[in-house]
Amino acid sequence: MERYDVAVLGGGLLGCFMARELRRHPLKVALVEAREDVCTGISRANTAIVYTGCDTKPGTLKTRLCVAACKGFGDLCRELGVPFARRGSLMVSYGPNADQTLQRKMIQGLENGVEGLKLMSGRAALEWEPGLAPGVSSALYAPDTGVTDPWALCYAAWENALANGVTPWLNAPVTDLLPEHGGWRVVTLRGELWAAAVVNCCGLHADQVQELAAPPTVRITPEKADYLILDQGAGHYVNHVIFHEPEEKGKGLTMVPTLDGKLLLGPSEQPGVGPLSATTRAGLDRLRQLAAQVAPELDLELTIRSFAGVRPKPYNVVRAQSIHDFTVTNPARGLWSLIGIKTPGLTCAQALGAWLAPQVADQLGKGEPDPTFRPEQKAPVRPRELTREARAALAARDPAYGRILCRCGGITEGEVRDAIRRGAVTLDGVKRRTGTGLGRCQGAFCGDRIMALMARMLGVPPEDLQKDGPGSRLLTGGRHGEG
Ligand SMILES: Cc1cc2nc3c(=O)[nH]c(=O)nc-3n(C[C@H](O)[C@H](O)[C@H](O)COP(=O)(O)OP(=O)(O)OC[C@H]3O[C@@H](n4cnc5c(N)ncnc54)[C@H](O)[C@@H]3O)c2cc1C
């Protein structure tokens with residue numbers, strides 16, 4: 001049986017950063033993930049916002065980490081070669097109840113140490129954002145709110161963890177955790193490993209995984225979050241991230257001008273049943289209704305895709321109450337669980353790792369820094385971001401970088417080949433690494449060419465290729481006319 005100092009369970013943003021941060025210490029680390037790839041769970045579908053920390057309660061771990069993480073996010077993204085832009089945000093209200101909420105958030109933000117916050121009149125907000133419906137009564141401006149690419153961030157953390165010696169255990173759902181020789185025998189469907197410590201970052205299943213080894217403390221209730229994406233062009237409808245604070249109880253509309261020029265609307269709040277990625281009609285209808293109210297001139301015909309994420313709502317079963325802070329449990333010696341980490345978990349993924357990893361390393365008596373650790377990760381080559389001359393030179397060295405596969409995004413065969421070499425084994429694994437299939441045609445033009453390339457490079461028949469993991473084969477049945 002392979003032996004490790006630490007087994008990190010779950011390859012989402014939290015697990016990938018946890019594994020990376022643990023390697024700052026002289027630890028032998030494995031990352032154990034149920035699926036064929038990382039970034040397929042909650043981290044796959046979220047709002048991509050880097051929050052400032054004015055939304056959360058003063059004095060909590062969540063607030064402390066969020067405020068610090070937001071300040072350092074530019075440096076983190078530079079280190080890991082991940083795109084990031086400080087768009088700034090406007091939280092807008094249309095009446096006295098929401099005005100009061102904004103005032104409360106302003107005071108809370110100041111107490112939390114968020115810099116640059118400004119309460120503005122509705123008229124001033126409309127000058128900045130003329131596309132919003134008239135009648136804005138006040139706005140809270142947060143200049144440091146950012147937008148990133150959550151997929152690029154997750155893969156960068158993963159690849160940096162691997163580059164620093166973390167051992168990948170993919171296709172290895174954990175089915176049992178057994179205390180053994182002062183550590184843990186981790187039983188997976190791929191085999192068993194032993195680790196002196198375990199950090200459970202299993203997202204929507206983190207409660208169940210903890211309960212393999214300890215009594216229940218926190219349980220997760222899934223809650224659906226629907227989104228709409230509008231094509232390039234709509235991205236200029238607003239200049240900032242817009243948070244619409246509704247007058248009545250409930251969730252308002254969030255509008256995010258994405259890094260690739262599109263506009264993201266959402267998330268909705270719906271009871272979470274059904275498959276992870278299935279949208280709900282009620283949630284999408286609600287988004288369209290809110291968009292018509294808040295951004296009346298926005299052309300919803302520009303919608304090119306809808307998708308859904310799932311929130312892991314945590315509930316403390318011991319105290320019978322909801323939880324509003326990050327929950328990090330240590331229910332048995334050498335076992336930690338991050339349970340129900342919702343927004344701003346993306347903002348704080350690295351910060352949570354950096355906060356917990358030294359505690360784990362200290363308990364193992366290996367808290368000192370590992371001088372071999374290298375934090376930098378090179379970004380993949382993106383020819384569309386190069387000058388004409390640099391692009392031509394690249395294509396001369398490797399002609400695959402001169403052949404466009406995805407016309408909507410201008411993405412080359414060279415980038416797709418690179419993504420497959422870096423671990424993409426599904427069509428969506430390629431999409432998340434390169435951006436193919438995200439444009440107006442949604443893969444109608446490039447999908448079959450990418451599949452042909454994947455089949456050749458991975459040495460599998462095309463009919464075995466999956467869109468996004470088990471149960472999502474792309475080619476089914478016989479050819480037309482075959483029985
Ligand atoms: C709708 C929505 C919007 C959000 N928007 C934002 C935002 O704008 N800004 C922000 O800061 N945060 C945001 N967040 C929060 C952020 O996305 C999450 O906190 C973060 O992605 C959580 O990642 P994770 O690693 O915990 O979970 P996941 O990404 O789900 O990773 C968990 C992994 O564990 C694996 N796993 C599960 N069970 C097992 C098992 N038995 N054995 C092995 N592996 C297992 C899964 O396959 C999965 O890969 C949002 C969250 C949601 C839901």
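The structure displayed is predicted, hence computed values, not measured ones.

1. Things to note about the nonpolar core
Item 1. Among the nonpolar cores identified, the biggest contains 73 residues, and V8, L22, V199 and L338 are the most heavily contacted of them.
Item 2. Here this core takes 10 residues from helix α2 (residues 61–80), the largest share from any one element.
Item 3. For this core, the two domains that each supply at least three residues are domain 1 (1–86 + 145–217 + 317–379) and domain 2 (89–143 + 221–311).
Item 4. Of all hydrophobic cores here, the second largest spans 25 residues; its members include V136, L253, M255 and A295.

2. Here we look at the pairing of strand β14 (residues 241–245)
Item 1. The element β14 is largely enclosed, with a buried count of 5 among its 5 residues.
Item 2. Neither face of β14 is open: one carries V241, F243 and E245, the other I242 and H244, and all of them are buried.
Item 3. Where strand β5 (residues 89–93) and β14 come together, 5 bridges link them in parallel fashion. Directly across from S93, in β14, lies its bridge partner E245.
Item 4. Bridge count between β14 and strand β15 (residues 254–257): 2 bridges; the pairing is antiparallel. Counted as the bridge partner of I242 is M255 from β15.

3. Considering the environment of D75
Item 1. Within the secondary structure, D75 is located in helix α2.
Item 2. Using a relative accessible area of 51% as the deciding quantity, one classes D75 as exposed.

The rules we used
Residues numbered from 1 in each chain as written. Predicted model: local features only at pLDDT ≥ 70, side-chain atom pairs only at ≥ 80, totals over all residues. Heavy atoms only, no water. Core = buried A, V, L, I, M, F, W, Y, C linked by side-chain atoms within 4.5 Å. Buried < 20%, exposed > 50% of the residue type's maximum accessible area, 1.4 Å probe, protein only. Helix = DSSP H or I, 4+ residues; strand = E, 2+ residues; numbered from the N terminus. Domains from an automatic or database assignment. Pairing = 2+ DSSP bridges.

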